[in-house]
Amino acid sequence: MEPAQPHSFSRQVSLCMAMQSIIHCGPISRASISKQTGLSKQTVSELVRILEEEGWVRETGRTSGHVGRTATNYELVTDSAFMAAVDLGGTKVRVAIVDLAGSVIAETVASTHPDGGRSVARQIGELVGLAVAEGQVDRNKVRQTVVGCPGVPDQVTGAVRYAPNIAGIDGFDFRAAVAEATGTQVVLENDVNLAVLGEQWLGAGQGIDHLAFIALGTGIGAGLIVNGALLRGASGAAGELGYLPFGADPFEAESLRVGAFERVTATHGIRSAYEAATGKVLDVPSIFSAVSEGDAAAQAVLDGVARQMARAVATLGAVIAPEMVILGGSIGARPEIIAATKSELERCFPFSIHVVPSALGDHAALSGAVAIGLTELHTALFAQSAPGAVVT
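Residues numbered from 1 in each chain as written. Predicted model: local features only at pLDDT ≥ 70, side-chain atom pairs only at ≥ 80, totals over all residues. Heavy atoms only, no water.

Undergrad: Give a detailed account of the overall build of the chain, specifying residues and quantitative values.
TA: Counting secondary structure elements, the chain contains 13 helices and 15 strands. On C-alpha atoms alone, the chain measures out to a radius of gyration of 24 Å, which is about the 21 Å that the 2.2 N^0.38 rule sets for 392 residues. A principal-axis box enclosing the C-alpha atoms of the chain has dimensions of 80 × 45 × 40 Å. Within the chain, buried positions represent 50% of all 392 residues. Taken as a whole, the chain presents about 17,700 Å² of accessible surface, with 50% of it coming from carbon and sulfur. Charge centroids of the chain, computed over 27 positive and 39 negative side chains, lie 6 Å from each other. (Helix = DSSP H or I, 4+ residues; strand = E, 2+ residues; numbered from the N terminus. Rg over C-alpha atoms; globule rule 2.2 N^0.38 Å. Buried < 20%, exposed > 50% of the residue type's maximum accessible area, 1.4 Å probe, protein only. Areas by Shrake-Rupley, 256 points an atom, 1.4 Å probe, with all protein chains shown as cover. Lys, Arg positive; Asp, Glu negative; His and termini not counted. Charge placed at Lys NZ, Arg CZ, Asp CG, Glu CD.)

If you want it as structure tokens, here you go:
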């Protein structure tokens, strides 16, 4: 099924306006659409006929009108098209199939392919296929894929820069490879940017116009919302906290690859600090367990992480003054880290910042992907001939 193709630009804009009314207010009558959009009843009737014939909307009963008259209501056919939301991390890939109303139809997760690069692009296609099969969705109806990935997506070349935890995705057109693997249009966005959008939409940051999300796990990064809008910066690298010039020596060559701050704060830095202190090699969950068992070295390592996190929050506070900072990720969301970070922040920063855990957890980036993807999908389907038109 292809989107309707009216004959003129003005008709396309009108179609978009009518569709917005149905998306946001359905079930809705043609008279109500006319009142909301300012379009004539005759024009609305023609637009609704087009949308109904193309399978995007359907009748959903009748409602009483004035003086005993009834009106036919229309609603969006939510399963007429779907999108795939992808949260690509250094250790896991999570994929969800979502309908036009934003409902998750199916979800699947797997360990990130260790070969990185094109193998990861193919893996995303395979996981989309698995989720489609689980949800019993017609794959031809999956029209859009939004991939949240670590690092900085290059919107010109389609590569992803500064993502050291996934090898090789900076050396080719990763976006095109995912498009080929999924058979869809693809949008690439930084995963923590998606997380902060998800939290603002459905999570801890609802309604907040000055908001930051810091994800700490395999790596570290921040998503920033300033004056209600996502902040990407001139290069798209706004929020790449791993490259803050403190923690490790920022002038060492390794700090240009991974980032001075990430080297001491994320997974590898925590494991290395514990090994240096004890001679023992433990993974991060085991180090947290050692703290609960009274291991002083493990406690000292995590105290050091909290101090570094407080520095990062204070840096954001000094530069963009967020009302709230949300902590997430496999390490950042742990209650011990949040409590210690808040305590350390009070010691190093004089202004109040509300520091809270992520409300969406593992689904923060997926939720942000859905928010972006539905806008992109609605625009592609119903406003493709209207430059700048966005269905939100």
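Undergrad: Describe unusual backbone geometry, listing the residues and the values that go with them.
TA: Positive phi, normally seen in glycine, also occurs at N227, with a value near 55 degrees. Secondary-structure assignment places N227 in the loop between β12 (220-226) and β13 (229-230). In the Ramachandran plot, A321 falls in the positive-phi region, its phi being about 50 degrees despite a non-glycine side chain. Position of A321 among the secondary structure elements: in the loop between α11 (296-319) and β14 (324-328).

Undergrad: With reference to specific residues and values, describe the nonpolar core.
TA: Residues W56 and F213 are the most contacted members of the largest nonpolar core, which totals 47 residues. Of the residues forming this core, the biggest block, nine residues, is contributed by helix α13 (residues 364-382). Every residue in contact with F213, bar those within four places of it in the chain, is listed here: V192, A195, V196, E199, G221, A222, G223, I326, G328, S358 and A364. Membership of the second largest hydrophobic core comes to 36 residues, among which are A222, L244, V284 and M309. (Core = buried A, V, L, I, M, F, W, Y, C linked by side-chain atoms within 4.5 Å. Contact = heavy atoms within 4.5 Å.)

Undergrad: Outline the confidence of the model for the chain, listing residues and values.
TA: For the chain, the average pLDDT comes to 90, and 93% of its residues sit at 70 or higher. Mean pLDDT values for the elements of the chain range from 77 in strand β2 (residues 57-64) up to 98 in β14. With pLDDT under 50 throughout, residues 3-7 is counted as low confidence; its partners more than four residues away or in other chains account for 13 contacts. This model gives residues 385-392 a pLDDT under 50, and the stretch forms 20 contacts once residues within four places in sequence are excluded. (pLDDT = per-residue confidence, 0-100.)

Undergrad: Mind laying out the pattern of salt bridges, listing which residues take part and the relevant values?
TA: Tallied over the full model, the rule gives 11 salt bridges. The partner of E344 in a salt bridge is R347, with the nearest N and O atoms 2.8 Å apart. Pair noted here: E344 and R347 are both in helix α12 (residues 335-348), with a separation of three residues, about one helical turn. Taking the relative accessible area as the measure of exposure, E344 reaches 17% and is therefore buried. (Salt bridge = Lys/Arg side-chain N within 4 Å of Asp/Glu carboxyl O.)

Undergrad: Mind laying out the sheet that holds strand β10 (residues 185-190), listing which residues take part and the relevant values?
TA: An order of β6-β5-β4-β7-β10 is seen for the five strands of this open sheet, with the pairing classed as mixed. Looking at strand neighbours, the two that pair on one side only are β6 (104-111) and β10, the edges of this open sheet. Direction aside, neighbouring strands of the sheet carry axes that sit 15 degrees apart on average. Of the strand pairs in this sheet, strand β4 (residues 82-88) and strand β7 (residues 142-149) are connected by six bridges, and their pairing is parallel. Counted as the bridge partner of A84 is T145 from β7. Its contacts with the sheet place helix α4 (residues 117-135) against β4, β5 (92-99), β6 and β7, and it is angled at close to 140 degrees to β6. Taken strand by strand, helix α5 (residues 174-182) contacts β4, β7 and β10, and its axis lies near 135 degrees from that of β10. (Pairing = 2+ DSSP bridges. Axes fitted to C-alpha atoms, helices over the stretch in contact; angles between N-to-C directions.)

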